[in-house]
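A look at the structure
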Amino acid sequence: QVQLVESGGGLVQAGGSLRLSCAASGRAFSRYLMGWFRQAPGKEREYVAAVSWSGSSTGYADSVKGRFTISRDNAKNTVYLQMNSLKPEDTAVYYCAAVPSYSSIGYYHQSRERYDYWGQGTQVTVSS
């Protein structure tokens, strides 16, 4: 099992940037496929991005493609979400998630049900 602790959320103006971090503890972090999801007020939790165990395979939701970048540093047991050109629509609680997997990113990694472990979330607020 793995425990996930998120940080880096905050208040930023539209067009600004923010980097979220997700620190993992537990055995064999490097074998986990990692994902980011978000949940805005009154909406369901939605997929944002995912990265394979090696960092060589990534995937993004259409709404963030070209603006967000997911990456990982297995030596630091940390996954990042670099968010650029932020929009008010990006306002949400952001969650990181993990599942033991050596596979590349596929469409099925967009589903919440694919992941076994979740962080408690960090608030991102983008003002207009």
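Provided above is the structure to which this section pertains.
Residues numbered from 1 in each chain as written. Predicted model: local features only at pLDDT ≥ 70, side-chain atom pairs only at ≥ 80, totals over all residues. Heavy atoms only, no water.

Topic: the overall build of the protein
So the rule is basically this: Each helix corresponds to a stretch of at least 4 residues labelled H or I by DSSP, and each strand to a stretch of at least 2 residues labelled E; elements are numbered beginning at the N terminus. Throughout, radius of gyration means the C-alpha value; the globule benchmark is 2.2 Å times the number of residues raised to the power 0.38. Only protein chains enter the area calculation, which uses a 1.4 Å probe; residues under 20% of their type maximum are buried, those over 50% are exposed, and those in between are partly exposed. Should any heavy atoms of two residues lie within 4.5 Å, those residues are counted as being in contact. Areas reported as accessible are Shrake-Rupley estimates using a 1.4 Å probe. Residue values count occlusion only from the protein chains shown. For the purpose of counting charges, residues Lys and Arg are taken to be positive, whereas Asp and Glu are taken to be negative. His and the chain ends are not included. In this description, the location of a charge corresponds to atom NZ of lysine, CZ of arginine, CG of aspartate or CD of glutamate.
What the protein contains, in helices and strands, is zero helices and 11 strands. When its helices and strands are written in sequence order, the protein yields β-β-β-β-β-β-β-β-β-β-β. In terms of overall size, the protein behaves like a compact globule, its C-alpha atoms giving a radius of gyration of 13 Å where 128 residues would be expected to give roughly 14 Å. With the C-alpha coordinates aligned to their principal axes, the bounding extent of the protein is approximately 40 × 25 × 25 Å. Of all 128 residues assigned to the protein, the portion counted as buried reaches 45%. Of the contacts formed within the protein by residues at least 6 apart in sequence, a portion of 61% connects residues at least 24 apart. With an accessible surface of roughly 6,600 Å², the protein has 43% of that area assigned to carbon and sulfur atoms. Charged side chains in the protein number 13 positive and 9 negative. The centres of these two groups are separated by 6 Å.

Some details on the nonpolar core
Stated precisely, the cut-off is as follows: Buried Ala, Val, Leu, Ile, Met, Phe, Trp, Tyr and Cys residues that are joined via side-chain atoms within 4.5 Å together make up what is termed a nonpolar core.
Judged by nonpolar contacts, the single largest core of 38 residues is most densely connected at Met34, Trp36, Leu81, Met83 and Tyr94. Within the residue set of this core, elements represented by two or more residues are strand 1 (2-7), strand 3 (18-26), strand 4 (32-39), strand 5 (46-51), strand 7 (68-73), strand 8 (78-83), strand 9 (92-100) and strand 11 (122-127). In terms of residues, this core owes the most to one element, strand 9, which gives six residues. The contact partners of tyrosine 94, leaving out residues within four places of it in the chain, are Glu6, Leu20, Trp36, Phe37, Arg38, Val48, Phe68, Leu81, Met83, Gly121, Thr122 and Val124.

Details of the state of the cysteines
For the record, the criterion: Criterion for a disulfide: a pair of cysteine sulfur atoms within 2.5 Å.
Enumeration according to the criterion identifies one disulfide in this entry. Cysteine 22 shares a disulfide with cysteine 96; S-S distance 2.0 Å. An S-S torsion of about 50° defines the bridge between cysteine 22 and cysteine 96 as right-handed. In this pair, cysteine 22 is assigned in strand 3 and cysteine 96 in strand 9, connecting sequence segments 74 residues apart. Judged by its relative accessible area of 1%, cysteine 96 is buried.

Considering the side chain of serine 57
Keep this limit in mind: Under the rule applied, a polar contact is a pair of N or O atoms within 3.5 Å (in protein, one hydrogen donor and one hydrogen acceptor; residues adjacent in sequence only if both atoms are side-chain atoms).
Residue position: serine 57 is located in the loop between strand 5 and strand 6 (58-60). The class for serine 57 is buried, based on a relative accessible area of 14%. For serine 57, the side chain forms a polar contact with the main-chain nitrogen of isoleucine 105, separated by 2.9 Å. Non-local contacts of serine 57, meaning those with residues more than four positions away in its chain, are made with Ala50, Val51, Ser52, Ser104 and Ile105.

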